[in-house]
Amino acid sequence: MSTTTPLGPVNHVDEVTGLLYIEGQLEQAAARGVVAHLEQCGPCRQLLDALKRESLLLSHSLTEEDEAVPARLLALRPSPGLSWGWLTVFALAAIGAYTMWTYYVEPWVVNLQDSGFGGQFLFTWLLLNGAFWKGWNDMLQFVEMGSLGVLACVLLFLFRRRLRRISSYSVFLAALLLVALGAPSAAQGSEFVKNKTSYEVRAGETLHTDLFVVASAVRIDGTVEGDLFCACHTLTIEGHVTGDVFAFANTVLIAGKVDGNVRTANEHLTLEGTVGRNLLSFVSEFRTTHRASVAGSATLYVSHMELDGQLGKDLNAFLGAGTINGLIGGDVRIHQGNEHHTPLVVTSVASVKGGFRFKGPQGPEIASQAQLASTPQIEIVTEPPEYLRGTSYRYNALVWGASLLVGLVLISLVPGLMRDAVREVARIGAPLALGLVAFIVMPVAACLACITVVGLGLGIPMLFLWLFLIFFGQVFAAIWVGELIVGASSGAWSMTGRLALGLLLIRLGALLPYVGFWVRFGAGMLGFGALTLLLFRRLQPVVAHPPAALPAAPAA
Amino acid sequence: MKEKGNPEGMGGDELAATVARSRAGDPEAWGDLYRQFAAPLFRFCRRVLPTREDAEDAAMDVFVKLRSKLVQYDPERPFTAWLYKVAANHCWDVLRRRKIRQNLETEEVDSLPLEHPDPGQLDWMITQQTGSGVRQALARLSDRSRMALVLRYYAEMSYDEIADALGLRRAFVGVVLLRARHELREVLAKPAGAPPEAAAARGAR
């Protein structure tokens, strides 16, 4: 650019050249020319000073921390997606889950269906259709639906950006909502009674509703036209319950009539009356009299059984010892525990219309006059010590593999947490004590939380965490054991190696006679406690660290 | 020695070692890199893209790309420049997909002569500006101008690196930067809502 000054025409530094000069991008000869010109030209010096200040303004403005970095970004560490390795791992896990379902879970589900659960999976039934929800009044039902809606909105809001890209989330959320919508609705009305010393429905009195009762002694002499949910010390039913009976009690006596199913977890159960459908009981001592009648099947997990009266369908029992006196309309399937040495007795008045299958350490004593429709199938299982059983090794190999898989996933996803958890395990005393406490307190707290709608969101994850820790708490202890033997781990793969070694030792220890259980239990509790301790510490409020600093000051 | 654009405590050697371990598949090293660059990279995206949500998404996506491309990284080159180049390319693609990118994506650089500024007036204008005012004005610039300024004054990339990232000849980088400054001055001199003349003129063509 050329202009006129009091001294005559001067070739000024143009703006591009000026910019290149202040940014150190000019070649040496050109830069020397600019320097020479600047020595005698005030306007150009002023221009270049202004450009420098503009550069500083730009740098300052662009690098200024004007807003916080999203917490999601600071917390996450995205991975490039599924690799073939992971796909293989997931495929193997899926095959393992399928195998476990087919060989271990499904037979139990079939048994439960036989006992009157109508094809619903126990857990679903328990949480969505069972004691916690059924029978709540309309207002609570409305709150539930509202809560589900709010939860769905919150989830949609949280995942709104992911939903744009990842259709699987959409599918998952849609499925979740469908499940929520498909969940059976609550009963029309109900009566809640709690914290009473005793509660009684008198003879001639009729309750046209479900009844929830928590009391020391409960007595039903009248009629309950609905289900009865009872947590008490003693439950006596002399009257009539038209629905199901759910009882958590020390002693239960049913001398009256129950039209639906009876499901109990208790110490003593005596049945003198009639049950219209099926019976499921986890009980120490079970007794039915000759007047008793169960129209459906009975599934019992019982220490001692005295079975009399009539049973319309099958008897499935896992028992210690017992006597069968009565009439059984269906099959008998009995599995006697290995540690029990008193034989099952089938008396001369017993009658079984279906098959008779028995599995146990010693054969049952079947009276010659007993009426069995078919030849009994008796399988005597005399199990050697655990360390001599092939199944024990297979089981331990399965647990070893599953734990290693879970450990691998955890090490890959949360290596920092794993390191910290292993450090906590090394303190031994505190995590072990806390593990024992948490092992007992967590399920209680979770169940209490589940009583309220709001608490469901906390209670259910807590239950899952508890179950997870029971099975996989040993992962943390295993890494620690591995590190004790071959030294501290320095990376993910070395940690995995120590995990594999530690797990192997723990599983071998679990096979030892007498101490095997305690090895397993101790490892689980150590890991349980360590993770609880760690989570507790991490959830404590801390002074937030500033986000990562900005880029350095710009080059002038 | 710290690498430029690498703000935190990690020195050049340490960064190089971390990158090398990460390339070898060490997840902890990758975690260190992530923690090191999550905030700067988010701010880079925030400066270039229109909304905070876009920047957050872009930063996540860039990290995913970085991890998968890490094996292609040439350790002889500065890591941060490579990182910001990947980020710039990604943000460039985001803008193009949204079809809000203007016709500045060609390699052609506008050769219209720029009006020579009055140094006194320029000086006065600079003293009147605040950081937030400049950032708001930056959002109204054409994409290439905004990207050029961010690459130079945020990511501190060299002219060669900017030329590489923007697909320009190196000789044009100074011109692009100066034109961006002129656009910015126009926006700063005008009330919000009015498009800068240069951008408007290019949009009309």
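Computed from a predicted structure; not experimentally measured.

A.B. asks: Can you help me understand the overall build of chain B in this one?
C.D. replies: Summing up its helical and strand segments, chain B has 10 helices and zero strands in all. For chain B, the sequential pattern of α-helices and β-strands runs α-α-α-α-α-α-α-α-α-α. In chain B, buried positions account for 44% of the 205 residues. Put simply, 64% of the contacts in chain B that link residues at least 6 apart link residues at least 24 apart.

A.B. asks: Help me out: how do you make sense of the nonpolar core in this one?
C.D. replies: Taken as a class, soluble globular proteins show a tendency for nonpolar side chains to be buried jointly. Formed by 73 residues in total, the largest nonpolar core has its most connected members in Cys45(B), Ala59(B), Ala87(B), Val150(B) and Leu151(B). Among residues more than four places away in sequence, those in contact with Cys45(B) are Ala55(B), Ala58(B), Ala59(B), Ala87(B) and Cys91(B). Membership of the second largest hydrophobic core comes to 53 residues, among which are Val258(A), Leu300(A), Phe356(A) and Ala370(A).

A.B. asks: It is not clear to me how the packing of helix H2 (residues 27-48) of chain B against helix H7 (residues 143-153) of chain B should be interpreted in this structure. Could you clarify?
C.D. replies: Two numbers describe a pair of packed helices, the interaxial angle and the distance between the axes. All names here are of chain B. One can describe the packing of H2 onto H7 by two numbers: an axis separation of 9 Å at closest approach and a directional angle of 155°. On the basis of the axis angle, H2 is roughly antiparallel to H7. Judged by the sense of rotation from one axis to the other, the crossing of H2 with H7 is right-handed. Taking contact as the criterion, the partners of Phe 44, Arg 47 and Val 48 in H2 are, on H7, Arg 146, Met 147 and Val 150. Looking at side-chain class alone, the contact of H2 with H7 contains four nonpolar, no polar and two charged residues.

A.B. asks: It is not clear to me how the sheet that holds strand S8 (residues 240-241) of chain A should be interpreted in this structure. Could you clarify?
C.D. replies: What holds strands together in a sheet is hydrogen bonding between their backbones, with the strands either parallel or antiparallel. Residue and element names in this part refer to chain A. With parallel pairing, 10 strands are arranged side by side in an open sheet as S4-S6-S8-S10-S12-S14-S16-S18-S21-S24. Of all strands in the sheet, those bounded by a partner on one side alone are strand S4 (206-207) and strand S24 (371-372). Both strand S21 (residues 351-352) and S24 contribute to a ladder of two bridges, which runs parallel. Bridging across to S24, Val 352 finds its partner in Leu 372.

A.B. asks: What should I look at first to understand the packing of helix H6 (residues 131-138) of chain B against helix H9 (residues 170-189) of chain B in this one?
C.D. replies: Residues and elements named next belong to chain B. Interaxial distance between H6 and H9 falls to 9 Å at its minimum, and their mutual angle equals 110°. It follows from the interaxial angle that H6 and H9 lie roughly perpendicular. You can see that H6 and H9 cross each other, and the crossing is right-handed. Contacts between H6 and H9 involve Gly 133, Ala 137 and Leu 138 on the former and, on the latter, Leu 184, Val 187 and Leu 188.

About the cut-offs
Residue numbers run consecutively from 1 along every chain, following the written order of its sequence. As they are written, the chains are lettered A onward and the ligands numbered 1 onward, keeping that order. Confidence filtering applies because this is a predicted model: local features only for residues at pLDDT of at least 70, side-chain atom pairs given and counted only at 80 or more, and all residues used for totals across whole chains, interfaces and linings. Secondary structure follows DSSP: runs of H or I at least 4 residues long count as helices, runs of E at least 2 residues long count as strands, and numbering of each begins at the N terminus. To sort residues by exposure, count the other C-beta atoms lying within 10 Å of each residue's C-beta; 20 or more gives buried, 12 or fewer gives exposed, and values between give partly exposed, all with C-beta atoms placed from the backbone. It is the C-beta atoms, placed from the backbone, that decide contacts: two residues are in contact if theirs lie within 7 Å. In these notes, a nonpolar core means any group of buried Ala, Val, Leu, Ile, Met, Phe, Trp, Tyr and Cys residues linked to one another through C-beta atoms within 7 Å. Axis definition: a line fit to C-alpha positions, over the contact stretch in the case of helices; interaxial angles, taken between N-to-C directions, run 0 to 180 degrees. The labels follow the angle: roughly parallel below 35 degrees, roughly antiparallel above 145, roughly perpendicular from 65 to 115, and oblique for the rest. Here a crossing is taken to be left-handed if its near helix is turned anticlockwise relative to the far helix by less than a right angle, and right-handed if that turn runs clockwise. When residues are sorted by character, Ala, Val, Leu, Ile, Met, Phe, Trp, Tyr, Cys and Pro go into the nonpolar class, Asp, Glu, Lys and Arg into the charged class, and all the rest, Gly among them, into the polar class. By this definition, two strands are paired if DSSP reports at least two bridges between them.

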